[in-house]
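# Geometric and topological summary
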Amino acid sequence: MGCRFLLAAATFAALTSAAPAGAAVLRAEGVLPPGQSGFVSLGGLVDGTGSPHLYDQNQLFIDFKRKPLTFQIDKPVGGTESPRAGVTITRDAAGVPAVRGATEADAWFGAGYAIAQDRLFQLEAFRHATKGRLAELIGQDALEDDLVSRRDYYTEAERRRMYEDLSPALQLRIRAYRDGVNAWIDHVRLNPGDLPGEYAAVAKIPTPWTIDDSIAVGVFLARTVPSGDGNELANLRTVQQSGIRALQRVLPLRTAGRRPTIPASEGRFSQGRRRSAKEERAALKRSVAFAETLPKPTEEQAAAPARKALLDAGRMGRTGGSSMFAVRGKNGRAYLFNGPQLGFSTPELFVEVEVHWPGQDIRGVTAPGVPVIGIGHNGSVAWGFTSGLSDEDDLYAEQLVPGKPEHYMHKGQERQMECRDETFTYLKTVSALIGADAPEVGQRTERICRTVHGPVQLREGNVAYARRYAIWKRDVETIEGIAALNAARSIQDVDRAMNMVTWNENVMAVDSKGNIGYWHPGLFQQRPKGWDDRLPYPGTGEAEWPGLVDRTKTPRVINPKQGWLANWNNVPSQDWTNGDGESPERISGAFHRGSFLMDLVRRLHRDPSFEASEATIRRAGTTAQQRVLAVTRTRLRAAQRGADGEARAVLDTLLAWDGDYHETDAAGTVHPGVAIWVAFKHRAAAIALGRLGPGVARFDGRPGTSHEFDITPGAAYALRTLAVDDLRQAAVATAKELSERFGTPDPARWRDPRKMYKVGSQGAGQAPELPFFDRGTWEQVVEVGP
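Residues numbered from 1 in each chain as written. Predicted model: local features only at pLDDT ≥ 70, side-chain atom pairs only at ≥ 80, totals over all residues. Heavy atoms only, no water.

Each helix and strand counted, the protein chain has 24 helices and 25 strands in total. Oriented by its inertia axes, the alpha-carbon framework of the protein chain measures out at about 75 × 70 × 60 Å. For the protein chain, with 786 residues in total, the buried portion stands at 63%. Split by element, the accessible area of the protein chain, about 28,300 Å² in all, is 52% carbon and sulfur. Within the protein chain, the 94 negative side-chain charges are centred at a point lying 6 Å from the centre of the 98 positive side-chain charges. (Helix = DSSP H or I, 4+ residues; strand = E, 2+ residues; numbered from the N terminus. Buried < 20%, exposed > 50% of the residue type's maximum accessible area, 1.4 Å probe, protein only. Areas by Shrake-Rupley, 256 points an atom, 1.4 Å probe, with all protein chains shown as cover. Lys, Arg positive; Asp, Glu negative; His and termini not counted. Charge placed at Lys NZ, Arg CZ, Asp CG, Glu CD.)

What follows is the structure, encoded as structure tokens:
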């Protein structure tokens, strides 16, 4: 603990020195649809109204426009507010607060106060969700999420110890933020007209915000947004149903044709010591033999880890996506784009804020509840995140002692699990009546256990499955690293800050000298040499981690020779494995959406500018990326040349389409290639996966809601492997499907309406209409230079 604190203190002190003369963010723009505020008044519960900034950025986003993201220096809109001495708050035309403090503590007090003004009920929902108490707000539908929150995370006592391990400076910041939130809570308790209407709907009044609330939110952000749990049980089911060959074909350790963010010439980076091909074959053989001794998981059990990705948009705990790129330009300039894709909702997961105190200026977005800027700039350095999606946890199959359900064997000894009973309360009263539902009130008690490896997530027969996390009990160290990132004055400062974080977000940054960099940081386990990444490990002691990867050796690059960097959740480096397939899109290899973005950014680098960056964003966000990639990476052209009849008509129409799903005709419908592409991918996957047995059917579900026209691993496998005749067969099946659906065999008439996004709601706000784009729920474009 002492060494960690000294490192944090020394790094932070080094980074808070004065900015170099001439350092500048030359231009910055951003957009946060639908708007900054989440405030719905009591009178607005029925129609979702309240703040004028609930929905005012929605059309801006639809039109591919953004607002200024530079520091507020003009006359503020609505005057100046001072919630206490030493703190002032002004707001711009979009309602974004600019907080100025006489001290750092004053600044974060003001930030807490301003964010509570905008997102008080969201703060309420976040603290309930992160402590496993969401069912107390919204009813028993949240009970399973609450169970996961208490089972896989920490007790209040454990969170308190994590807070005590933080540096005194960060502890002071958290306390100041708490006090600011509570100052606003005190205000609304005396002024009910400023109280969000949702409190009346759930029959509650806000209680004081606590340090523990901020720690709980910080833990969830560190664990869930960057990555989810592993797919070991799904892989086990595949092997037991279809054999190891099927798993190897669809989920190899390294998919052919994939493109990492870091060029191989700049470093290959493996997760610890890279195993030889012979070692990997031996490990797979050993793991398959062990897998044959394990109970067969049900389909529901195998799908459990994917639950995080299926949470409603904006919900705390939802695993994210995201894209970003950085380009070195002329005359020492550099450009950064970042678009985190966390699901569109009212309000968003992120909130925008600008914070100033002597020696520090920051603007960007953060999640309500934590006193740091997640993504943004400080006038000298701009940075962005995308979800890392690497495999930093493993599932252990604990051998239970017969007749003793809470005892297991480890290293030849019988051990007792750490178990406790947790009572869950669900409550839905006034909100149920408003929605004409039956009120819900009740309780449920669950037994929660841990082994030496971690929380027990499932029991089946004589096995208890426990998950071991590399980040276990070190989640909030990431806040120290982000605080250091906020204070960075150069790309080298960012590099040092990335050695402090424990979560697995991809990070890109640019500085005012035109430098660019990329990092894939966090805590990663070193793999046990004799076992395969994709299947459960035995918990009896022979598959223990040798340790954690040195954080200074994680994938990173500064100023690559090619002059640009791009990431859309693709693999970071050449030798990085797919792990257990926690990130299904990584398995798509050459068809990964990141490859399409790289092609665009490589062209952007020829003549970079702010306007050219915006054109790149538009193209990436309105195109079915794999349709473009398929022209050069499949046999589609060959299949088209020899096809006739229905197959020829389908392939002609598909290949005449440029992948754009945004442009519509006068009737509001899109090119018929859209419907063909969606159907064709599934038909091709059915052919390819059908030859491998039932265990691989899961690889062709549907893409995530943030990537509606993306490709599934099964469809990518099909396009990579199917012969010309198979592709024609898929085209015929597509013709039959669409002829029936549209009532005509003419492909020119297979025109769907423009696809709309399913916008979620994190309170009483109304979901505005939003056309689907494969874009960030927050977008920023920044130009820096000397």
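Our next topic: the pattern of salt bridges. Under the criterion given, the structure shown has 61 salt bridges. Close ionic contact of Arg556 with Asp495 constitutes a salt bridge, the shortest N to O distance being 3.0 Å. With Arg556 in strand 22 (residues 556-558) and Asp495 in helix 16 (residues 491-498), this pair connects stretches of sequence that are 61 residues apart. The network of salt bridges with common partners includes Glu124, Arg127, Lys131, Arg159, Asp212 and Asp213. (Salt bridge = Lys/Arg side-chain N within 4 Å of Asp/Glu carboxyl O.)

Inspection of every chain in the model, using the stated rule, returns 7 cavities of 30 Å³ or more. Reported here for the largest cavity is a volume of approximately 290 Å³. Surrounding the largest cavity, 24 residues form its lining, Leu221, Phe350, Phe385, Ile482 and Trp503 being those nearest its centre. Secondary-structure elements contributing two or more residues to the lining of the largest cavity are helix 9 (211-224), strand 11 (381-387) and helix 15 (477-486). (1 Å grid on protein atoms, 1.4 Å probe; cavity = no way out; pocket = protein on both sides within 12 Å on 5 of 7 lines; lining within 4 Å. Points joined across faces, edges and corners; volume = space filled by probe spheres on them.)

This part is about helix 5 (residues 143-151). Across the 9 residues of helix 5, 7 count as buried, placing the element largely inside the fold. Among all positions of helix 5, only Leu143, Asp145, Asp146, Leu147, Ser149, Arg150 and Arg151 are buried. Those residues of helix 5 that are buried are in contact with helix 3 (104-130), helix 4 (135-138), helix 9, strand 15 (418-428), strand 16 (440-450) and strand 17 (456-460). (Contact = heavy atoms within 4.5 Å.)

In this section: the confidence of the model for the protein chain. Confidence in the prediction of the protein chain, expressed as mean pLDDT, is 93, and 94% of residues score 70 or more. Considering only residues more than four positions removed or in separate chains, one finds that residues 1-22, a stretch of pLDDT under 50, has 28 contacts. (pLDDT = per-residue confidence, 0-100.)

Right, let's get into the sheet that holds strand 8 (residues 351-357). With mixed pairing, the 9 strands of this open sheet are ordered in space as 3-4-8-9-10-11-19-20-22. Strand pairing shows two members of the sheet lacking a second neighbour, strand 3 (87-91) and strand 22, which therefore form its edges. Direction aside, neighbouring strands of the sheet carry axes that sit 15 degrees apart on average. The pairing of strand 10 (residues 375-377) with strand 11 spans 2 bridges and is antiparallel. Note on strand 11: the bridge partner recorded for His377 is Ala382. Across the sheet, helix 16 touches strand 11, strand 19 (505-511), strand 20 (516-519) and strand 22, and the angle it forms with strand 20 is around 10 degrees. (Pairing = 2+ DSSP bridges. Axes fitted to C-alpha atoms, helices over the stretch in contact; angles between N-to-C directions.)

In this section: the sheet that holds strand 25 (residues 779-785). Across the sheet, which stays open at both edges, the 6 strands sit in the order 2-1-25-6-5-23 with antiparallel pairing between neighbours. A single partner strand is all that each edge strand has here, and the edge strands are strand 2 (67-68) and strand 23 (564-567). Sheet analysis places strand 1 (residues 24-31) next to strand 2, joined by 2 bridges and oriented antiparallel. Each bridged residue has a counterpart across the sheet, and for Gly30 the counterpart in strand 2 is Lys67. Here helix 17 (residues 593-604) sits on the sheet in contact with strand 5 (323-328) and strand 23, set at roughly 155 degrees to strand 23. Docked against the sheet, helix 18 (residues 610-621) engages strand 1, strand 5, strand 6 (334-339) and strand 25, running at close to 155 degrees with respect to strand 25.

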